[in-house]
Amino acid sequence: MTVRTRFAPSPTGYMHIGNLRTALYAYLVARKDPDGVFILRIEDTDQGRLVEGATDIIYDTIRACGLKHDEGPDVGGAYGPYVQSERVTSGLYRDYAVRLIKRGGAHYCFCDEEMLQAQREAEGDSFKYDDPCKLLSAEECEKRIAEGAKYVIRQTIPEGQTSFDDEVFGTITVDNSTLDEQVLLKSDGFPTYNFANVIDDHLMGITDVVRGMEYLSSTPKYNLIYNAFDWDIPRYIHCPPVMKDEHSKLSKRNGDASFQDLVAKGYLPEAILNYIALLGWAPEEDREIYTLDELVQAFNVKRIGKVGAIFDPEKLKWLNGMWLRQMDLDTYTELVTPYIDQAVKGDYDRRKIAAIIQQRANTLQEIPGMLTFFDEFPSFTNDLYFNKKMKTNADVAKEILPECLTLLQNQEDWSQEALHTVLLELPKKLEKKNGQVLFPLRVAITGLPSTPGGAIEIASILGKEETLRRLDIAISQL
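Residues numbered from 1 in each chain as written. Predicted model: local features only at pLDDT ≥ 70, side-chain atom pairs only at ≥ 80, totals over all residues. Heavy atoms only, no water.

A. Inspection of the overall build of the protein chain at higher detail. When you go through the protein chain residue by residue, the secondary structure sums to 21 helices and 11 strands. The C-alpha atoms of the protein chain give 32 Å as radius of gyration, which overshoots the globular expectation for 478 residues (23 Å, by more than 25%). Considered along the principal axes of its C-alpha atoms, the protein chain spans approximately 105 × 45 × 35 Å. By residue count, 49% of the 478 residues in the protein chain fall in the buried class. (Helix = DSSP H or I, 4+ residues; strand = E, 2+ residues; numbered from the N terminus. Rg over C-alpha atoms; globule rule 2.2 N^0.38 Å. Buried < 20%, exposed > 50% of the residue type's maximum accessible area, 1.4 Å probe, protein only.)

B. Representation of the sheet that holds strand E4 (residues 152-155). Read from one edge of the open sheet, three strands run E3-E4-E7, paired in antiparallel fashion. Each edge of the open sheet carries a strand with a single partner, namely strand E3 (106-109) and strand E7 (183-185). The mean inter-strand angle of the sheet, taken between neighbouring strand axes irrespective of direction, is 45°. Pairing of E3 with E4, which is carried by four bridges, proceeds in the antiparallel orientation. The residue bridging Cys-109 from the neighbouring strand is Val-152, located in E4. (Pairing = 2+ DSSP bridges. Axes fitted to C-alpha atoms, helices over the stretch in contact; angles between N-to-C directions.)

C. Looking closely at the pairing of strand E6 (residues 170-175). Here strand E5 (residues 161-166) runs beside E6; their pairing, made up of six bridges, is antiparallel. Residue pairing in the sheet places Thr-162 in a bridge with Val-174 of E6. Taking the residues that link successive antiparallel strands as the turn, the E5-E6 hairpin has three residues.

D. Summary view of the nonpolar core. In this structure, Leu-67, Ile-367, Leu-371 and Phe-374 are the most contacted members of the largest nonpolar core, which totals 102 residues. Sort the elements by how many residues they give to this core and helix H1 (residues 17-32) lands first, with 10 residues. Discounting chain neighbours no more than four positions away, the residues touching Phe-374 are Val-344, Tyr-348, Ile-353, Ile-356, Ile-461, Leu-462 and Arg-470. (Core = buried A, V, L, I, M, F, W, Y, C linked by side-chain atoms within 4.5 Å. Contact = heavy atoms within 4.5 Å.)

E. Quick look at helix H4 (residues 92-102). For H4, the complete set of buried residues consists of Leu-92, Tyr-93, Tyr-96, Ala-97 and Leu-100. The buried residues of H4 occupy an angular sector of 130° when the element is viewed end-on, so they sit on one face. Residues of H4 that are buried make contact with helix H3 (84-88), E3, E4, E7, helix H7 (193-203) and helix H8 (219-229). Taken from the residues just after H4, Gly-104 is the one with a positive phi, measuring 80°. (Arc of directions from axis to C-beta.)

F. Broad picture of the side chain of Gln-155. Position of Gln-155 among the secondary structure elements: in strand E4. What makes Gln-155 buried here is its relative accessible area of 1%. Within the structure, Gln-155 has its side chain in polar contact with the side chain of Gln-182 (distance 2.8 Å). In terms of polar contacts, Gln-155 uses its side chain to reach the backbone carbonyl oxygen of Lys-221, at 2.9 Å. Ignoring anything within four residues of it in the chain, the contact list for Gln-155 reads Gly-105, Ala-106, His-107, Glu-181, Gln-182, Leu-184, Lys-221, Leu-224 and Ile-225. (Polar contact = N/O pair within 3.5 Å; in protein donor to acceptor, adjacent residues only side chain to side chain.)

G. Here's a closer look at unusual backbone geometry. Following Gly-80, the chain continues to Pro-81 via a peptide bond in cis, the omega torsion being 0°. Position of Pro-81 relative to the elements: it lies in the loop between helix H2 (54-64) and H3. Phi is positive for Asp-230, which is not a glycine, with a value near 60°. For Lys-391, which is not glycine, the phi torsion reads 60° and is therefore positive.

H. Structural detail: the state of the cysteines. Under the definition given, this model contains zero disulfides. No disulfide involves Cys-111; its sulfur sits 3.7 Å from that of Cys-133, the nearest cysteine. Classification of Cys-133 by relative accessible area gives buried; the value is 6%. (Disulfide = S-S within 2.5 Å.)

I. View of the packing of H4 against H7. The geometry of H4 relative to H7 is characterised by a closest axis approach of 11 Å and an angle of 95° between their N-to-C directions. The angle between H4 and H7 falls in the class roughly perpendicular. Facing Leu-92, Tyr-93, Tyr-96, Ala-97 and Leu-100 of H4, the residues of H7 in contact are Phe-195, Ala-196, Ile-199, Asp-200 and Leu-203. Residues that form the contact of H4 with H7 fall into these classes: nine nonpolar, no polar and one charged. (Parallel < 35°, antiparallel > 145°, perpendicular 65-115°, else oblique. Nonpolar A, V, L, I, M, F, W, Y, C, P; charged D, E, K, R; others polar.)

J. Spotlight on the environment of Phe-386. Checked against the element boundaries, Phe-386 lands in the loop between helix H15 (367-370) and helix H16 (394-409). The class for Phe-386 is exposed, based on a relative accessible area of 55%. With residues near it in sequence (within four places) discarded, Phe-386 still touches Thr-392 and Asn-393.

K. Layout of the pattern of salt bridges. One pass over the structure, following the stated rule, counts 24 salt bridges. Taking the shortest distance from any N to any O, the salt bridge between Glu-167 and Arg-235 comes out at 3.6 Å. Of this pair, Glu-167 sits in the loop between E5 and E6 while Arg-235 is found in strand E9 (residues 235-239), placing the two residues 68 residues apart along the sequence. Judged by relative accessible area, Arg-235 falls into the partly exposed class, the value being 31%. The residue Glu-288 makes a salt bridge to Lys-315 at a minimum N-O spacing of 2.5 Å. (Salt bridge = Lys/Arg side-chain N within 4 Å of Asp/Glu carboxyl O.)

L. Representation of the pairing of strand E1 (residues 4-7). Taking every second residue as pointing to the same face, both faces of E1 are buried, with Arg-4 and Arg-6 on one and Thr-5 and Phe-7 on the other. Note that E1 and strand E2 (residues 37-40) share four bridges and pair parallel. Note that in E2 the partner of Thr-5 across the bridge is Phe-38.

These figures come from the coordinates and say nothing about function on their own.
Written out as structure tokens, the structure reads:
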């Protein structure tokens, strides 16, 4: 059987990290099968929570991450429409709800929903609704409907137990007495999520359902619907939550970062995807850097953990830095030039600047703040020359910098290679350590305690005229 998975988000805002991980795992499960199919389905039956533009965010996110879907609203397919609200207009869900009533898996309910909701909120977890409408005959239900009575269709829960197998949590069995008789079709004709996703998964031939473990408690109710229709039950893969800390789930509602937030902060989509793959899944190899194609090869649902994984921003930053550093310089330069341009307006070689920041910046947003000294030589105090490790201070700088100035004034070839050769001859001549020459020189031409790149690289980028001008100012200050 060809594996068919789906990612079925609701367009209610930004793409949460947990949602994106679900999409990734569903994609990986499909791609493990050479003929596997990955489907995008938009679940918009909860009309009150829809956010304008959120569907475009879904498309943009999965496109940015390379999670190409084989079927969906924007690419079509044999099982459409792939937007649930478009399926409502055909009467599809109502037809299946009525069929379910005839098969004993559901019933009409004419009770006041507002009153029930108020009771549900008042009683909380202790609320248990035993619907008296279950006892109405088919004739009585038809009579009430003909008279214009408002109704919903509720699931009918039989006595006994329901069991199901999950790839992560194993076999789970629940007493049916603990399951509430949920609404399947609302009075406005829209299905609830719990009903629509079962109908659509069946009609779209979904073989493997990947979702968060918060749906474990609802799965027995889904299976009762499958069983009532005599449909095959899909393979379940319930994933543990992504946690903010040991007690709280990561949530946009609580101000936690979404995918869009992380991209805006300068993280690469590839690095974000790589990191969230590791949140709750342990690869067999002792490695952490994976491309999407490598994840397809390595992924195994049996290695998904049962415990929520804590989202560590510092670990993500490190991983993002590794992705940036492994790029070839031309690709990296093209990527970071807009960020360089935010801070550097002067006519300096962007490729050379990219080369000095590539080993230093962990996110793209860090780059402008590292480069302000190119356009504006900042004022600084002479105590910046003090460095215990380098054995330098203002007195050492006062001795060294005039020698550097004389040497550089006579230097014609201003390439980095030539500057490297002549400046590393100076410590030998003066019987100093390399750091006692290069550290004061870097401070003198940047005015900063730390910079991406050293004195030689920065001097080469600044050019001879600007380097000598800054050296003159620094020596005068000393």
